[in-house]
Amino acid sequence: MVILNVLKGLLQRWNLFKLTFAVTYKCNYKCLTCNIWKKYQDQPEILNRELKLDEIETLFHKIGKVFWISITGGEPFLRDDLVNVIEIIKENSKCQILNLTTNGFNPKLITKTVQEIAELDIPLTFVNVSIDGPPNIHNKVKGVDSYHKAIETLRYLRELDYQFQNLHCSFEYTISPFNAGNFRNLISCLYEEGLASVVSKCTLTLYHIGHLYDNYPDNPESEIVLRNKEKMLRDISDCQQLCSNGSSLLGLLRNIYLKNARNFLVHNRSPISCVASKHSLFIDPYGDIYPCIILNDKLIDYRKISTKSLKEISRQWQLKYKSCRKCWTPCEAYPSIVKNPKVLLQSIISLSFS
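Definitions and limits used
- Residues numbered from 1 in each chain as written.
- Predicted model: local features only at pLDDT ≥ 70, side-chain atom pairs only at ≥ 80, totals over all residues.
- Heavy atoms only, no water.
- Helix = DSSP H or I, 4+ residues; strand = E, 2+ residues; numbered from the N terminus.
- Contact = heavy atoms within 4.5 Å.
- Areas by Shrake-Rupley, 256 points an atom, 1.4 Å probe, with all protein chains shown as cover.
- Buried < 20%, exposed > 50% of the residue type's maximum accessible area, 1.4 Å probe, protein only.
- Pairing = 2+ DSSP bridges.
- Right-handed = clockwise from strand over helix to strand, strands pointing away.
- Salt bridge = Lys/Arg side-chain N within 4 Å of Asp/Glu carboxyl O.
- Phe/Tyr/Trp six-rings, centres within 6.5 Å; stacked < 30°, edge-to-face > 60°.
- Lys NZ or Arg CZ within 6 Å of the ring centre and 35° of its normal.
- Expected span 1.5 Å × (residues − 1).
- Arc of directions from axis to C-beta.
- Axes fitted to C-alpha atoms, helices over the stretch in contact; angles between N-to-C directions.
- Parallel < 35°, antiparallel > 145°, perpendicular 65-115°, else oblique.
- Nonpolar A, V, L, I, M, F, W, Y, C, P; charged D, E, K, R; others polar.

## Comments concerning the overall build of the protein
Counting secondary structure elements, the protein contains 14 helices and nine strands. A fraction of 79% describes how many contacts in the protein between residues 6 or more apart in sequence connect residues 24 or more apart. In the structure as shown, the protein presents an accessible area of about 15700 Å², 50% of it carried by carbon and sulfur atoms.

What follows is the structure, encoded as structure tokens:
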């Protein structure tokens, strides 16, 4: 019934289909996959520029209705007013889907906060714990001895999941050169931990270099990925085999994402034209608006926009980015899949006979 209501919502008019909002760049881990954690270490004074609650309310009042809100960071749960932030977002955006990911640093705090978020009764609320491999690999990737905290958080959230119809909790795994070939090992660990029930709902994403992550390397991305490409492709195959829930709508969308993730890794090019700036946007913690999380190409400061002007700005940038195929992040891939009926239908047919 919940998913049916969301599907009905898709037929309504929305100012935006999807908005990704980094509520903070504070982070208490030191991940190899990004350098967000260095931002306030190198420039502590800019922390004070992060939006306060009244500014967030102004921001979302100007933007208006958004179907899907994705909360990211940094570590979102380092904001002690996170529930208030999401309540403001819900009231102004009328969103039908909310998703956020945590590193699981404080199991009890995160569980309490997620319960309060679930009680806001957004129709579909997804919370994922970021786990990037078995214990030794996860800890290496995160730069902190944190695997057991992540597992404990996931165990608490699974129990909470049973209590709320709108809540869906699992884990997120980022395939990267730093953990390539370890997805199957992680699944074995989760079974040993008694967490088999979360496996079918996992989210898998690919390591990317881009603006949000501030992780531009000395060597080209192709050199970093090339050495581990076969292992990364195997991880995608393992996810397709071990985490199948294709009978559900959400499982179908994930399978379409994974199928095309293989194509992206092989060809280093998105198989689908991106809808960023047309149907989705990224907003950083300071209120600066970008077409997506990858491109460092600021559109405007939210203080200078109205709902009408935001639509006009989006139209201006659509021509520039309509052929962009630089990434295959879930942040942009899922809107691109859903907003392209031809591709969606072709993918469904292809998956049905594969």
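Having put the structure on the table, let's press on.
## Structural notes on the pairing of strand β2 (residues 66-72)
Across the seven residues of β2, six count as buried, placing the element largely inside the fold. Pairing of strand β1 (residues 16-22) with β2 involves six bridges; the strand directions are parallel. Residue pairing across strands places Phe21 opposite Ile71, the latter belonging to β2. Pairing of β2 with strand β3 (residues 97-102), which is carried by four bridges, proceeds in the parallel orientation. Directly across from Trp68, in β3, lies its bridge partner Ile97. Assessed by its sense of winding, the connection that carries the chain from β2 through helix α4 (residues 82-93) to β3 is right-handed.

## Structural notes on the pattern of salt bridges
Going through the model one piece at a time under the given rule, you end up with eleven salt bridges. Two residues, Asp214 and Lys39, come together in a salt bridge whose shortest N-O distance is 3.9 Å. With Asp214 in the loop between β6 (203-206) and α9 (221-226) and Lys39 in helix α2 (residues 39-42), this residue pair connects regions lying 175 residues apart in the sequence. The exposure class of Lys39 is buried, given its relative accessible area of 17%. Between Glu55 and Arg303 there is a salt bridge whose closest N-O contact spans 3.8 Å. Here Arg303 lies in the loop between β9 (300-301) and α12 (307-321) and Glu55 lies in helix α3 (residues 53-63), a separation of 248 residues in the sequence. By relative accessible area, Glu55 is classed as partly exposed at 22%. Judged by its relative accessible area of 40%, Arg303 falls in the partly exposed class. Within this structure, Glu55, Asp301 and Arg303 form a network of salt bridges that share partners.

## Details of the packing of aromatic side chains
Under the criterion given, the structure shown has ten aromatic pairs. Arranged with centres 5.5 Å apart and planes meeting at 15°, the rings of Tyr257 and Tyr334 form a pair that is stacked. Of this pair, Tyr257 sits in helix α11 (residues 249-267) while Tyr334 sits in helix α13 (residues 330-338), and the two are 77 residues apart along the sequence. Through a chain of ring-to-ring contacts, the aromatic side chains of Phe17, Phe67, Trp68, Tyr257, Trp328 and Tyr334 assemble into a single cluster. Just above the ring of Tyr25 sits the side chain of Lys39; from NZ or CZ to the centre is 4.7 Å. Above the ring of Tyr286, the side-chain terminus of Arg49 is found at 4.3 Å from the ring centroid.

## Examining helix α5 (residues 107-118)
An ideal rise of 1.5 Å per residue puts 16 Å on twelve residues; α5 measures up with 16 Å between its terminal C-alpha atoms. Restricting attention to buried positions, one finds in α5 the residues Pro107, Ile110, Thr111, Thr113, Val114, Ile117 and Ala118. An end-on view of α5 places all buried positions within 165° of arc, on one side of the element. Projecting away from the buried face of α5 at angles above 90 degrees are the exposed residues Lys108 and Lys112. Elements in contact with the buried residues of α5: α4, β3, β4 (124-130), α7 (147-161) and β5 (167-175).

## Remarks on the packing of helix α10 (residues 229-242) against α11
Close contact between α10 and α11 brings their axes to 10 Å; oriented N to C, the two are set at 175°. Judged by the inter-axis angle, α10 sits roughly antiparallel to α11. The segment α10 lies against α11, with Lys229, Met232, Leu233, Ile236, Ser237, Cys239 and Gln240 engaging Leu258, Lys259, Ala261, Arg262, Leu265 and Val266. When the residues that make up the contact of α10 with α11 are grouped by side-chain class, the tally is eight nonpolar, two polar and three charged.

## Topic: the environment of Val275
Tracing the backbone shows Val275 in the loop between α11 and β7 (280-283). Between the alpha carbons of Val275 and Pro335 there is a distance of 6.9 Å; along the sequence they are 60 residues apart. In this structure Val275 touches Ser280, Pro335, Ser336 and Lys339, once residues within four positions along its chain are discounted.

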